[in-house]
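# Observations on the model geometry
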Amino acid sequence: MSTAASVARIMGFTDERIEDLKTAVAEACINAMEHGNKLDEKLTVGVILSLAATELEVMVLDAGSGPHTKVHAPDIDRKMHGEEPSRGMGMFLIQSLVDEAEWVSSPPTGSYVRLVIRVD
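Residues numbered from 1 in each chain as written. Predicted model: local features only at pLDDT ≥ 70, side-chain atom pairs only at ≥ 80, totals over all residues. Heavy atoms only, no water.

A tally of regular secondary structure across the protein chain gives four helices and four strands. Along the protein chain, from the amino end to the carboxyl end, the secondary structure elements read α-α-β-β-α-α-β-β. Since a compact globule built from 120 residues should have a radius of gyration of about 14 Å, the 15 Å found for the protein chain is in line with a globular shape. Looking at the protein chain residue by residue over its 120 residues, the buried ones come to 36%. Pairs at least 24 residues apart make up 55% of the contacts formed inside the protein chain by residues separated by at least 6 positions. Counting 11 positive and 19 negative side-chain charges, the protein chain places the centres of these two groups 3 Å from one another. (Helix = DSSP H or I, 4+ residues; strand = E, 2+ residues; numbered from the N terminus. Rg over C-alpha atoms; globule rule 2.2 N^0.38 Å. Buried < 20%, exposed > 50% of the residue type's maximum accessible area, 1.4 Å probe, protein only. Contact = heavy atoms within 4.5 Å. Lys, Arg positive; Asp, Glu negative; His and termini not counted. Charge placed at Lys NZ, Arg CZ, Asp CG, Glu CD.)

Below, the structure written as C-alpha cells:
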C-alpha cells in the first residue's frame with residue numbers, strides 16, 4: 001500500500017485519492033489472502049503497479065479461482081441491525097473507491113483484481 005501511495009503522490013494524486021487507493025489495495029490484499037489463498041501461509045499474494053500519464057493500475061494476484069458472486073450494493077440498514085452479516089462489503093467498497101475494478105479468473109494460475117485510479 002505504501003508503495004502504491006508513494007507512486008500516486010509522485011503522479012500528483014490528491015491526498016483524498018491516495019487514501020482511497022490505499023484502502024482499495026488493502027481490501028484487495030485482504031480478500032486475496034482470505035478468499036483467494038484460503039489463509040494458506042504457503043501461498044503468496046502479488047501486487048503489480050503499472051502507471052501511465054494520468055492513471056495508476058494495480059493488480060492483486062492470488063492462487064484462488066476468483067469471486068463467484070457479482071458486486072452488489074450492501075443493505076447497510078440490515079447490516080447495522082444484525083439482519084445480515086457485517087462482513088461481505090469488500091468488493092463493493094473497492095469498486096466505490098477506484099475508477100475501474102475488474103475481477104478476473106485466470107486458471108490454472110489463480111485470479112486477480114485489476115484496479116485503476118485516475119489523477120483528477
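Moving on, we come to the environment of D99. Mapped onto the fold, D99 is located in the loop between α4 (90-97) and β3 (100-106). With a relative accessible area of 38%, D99 lands in the partly exposed category. Between the C-alpha atoms of D99 and V119, which are 20 residues apart in sequence, the distance is 10.0 Å. Apart from the residues lying within four places of it in its own chain, the contact partners of D99 are R17, V116, I117 and R118. For D99, the side chain forms a polar contact with the side chain of R17, separated by 2.8 Å. (Polar contact = N/O pair within 3.5 Å; in protein donor to acceptor, adjacent residues only side chain to side chain.)

What follows concerns the sheet that holds β3. Taken together, the four strands give an open sheet; going across it, the order is β1-β2-β4-β3, and neighbouring strands pair in antiparallel fashion. This sheet does not close on itself; its edge strands, each paired only once, are β1 (46-51) and β3. Each strand of the sheet is rotated relative to its neighbour by a mean of 15°, with strand direction disregarded. With seven bridges connecting them, β3 and strand β4 (residues 110-118) associate as antiparallel partners. Across the sheet, residue E100 finds its bridge partner in β4, namely V116. Contacting β1, β2 (55-62) and β4, helix α2 (residues 15-36) runs over the sheet at an angle of about 15° to β2. (Pairing = 2+ DSSP bridges. Axes fitted to C-alpha atoms, helices over the stretch in contact; angles between N-to-C directions.)

Ranked by internal contacts, the top residues of the largest apolar core, which has 22 residues, are F13, L21, L56, V58, V60 and L115. Listed by contribution, the elements that provide at least two residues to this core are α1 (2-11), α2, β2, α4 and β4. The biggest single contributor to this core is α2, with seven residues. Non-local contacts of V58, meaning those with residues more than four positions away in its chain, are made with L21, V25, V47, I48, L49, V113, R114 and L115. (Core = buried A, V, L, I, M, F, W, Y, C linked by side-chain atoms within 4.5 Å.)

A positive phi angle, close to 55°, is found at K38, a residue other than glycine. Here K38 is to be found in the loop between α2 and β1. Relative accessible area serves as the criterion here: at 65%, K38 is assigned to the exposed category. The backbone of L39 sits at a positive phi, close to 60°, despite the residue not being glycine. If you trace the backbone, L39 turns up in the loop between α2 and β1.

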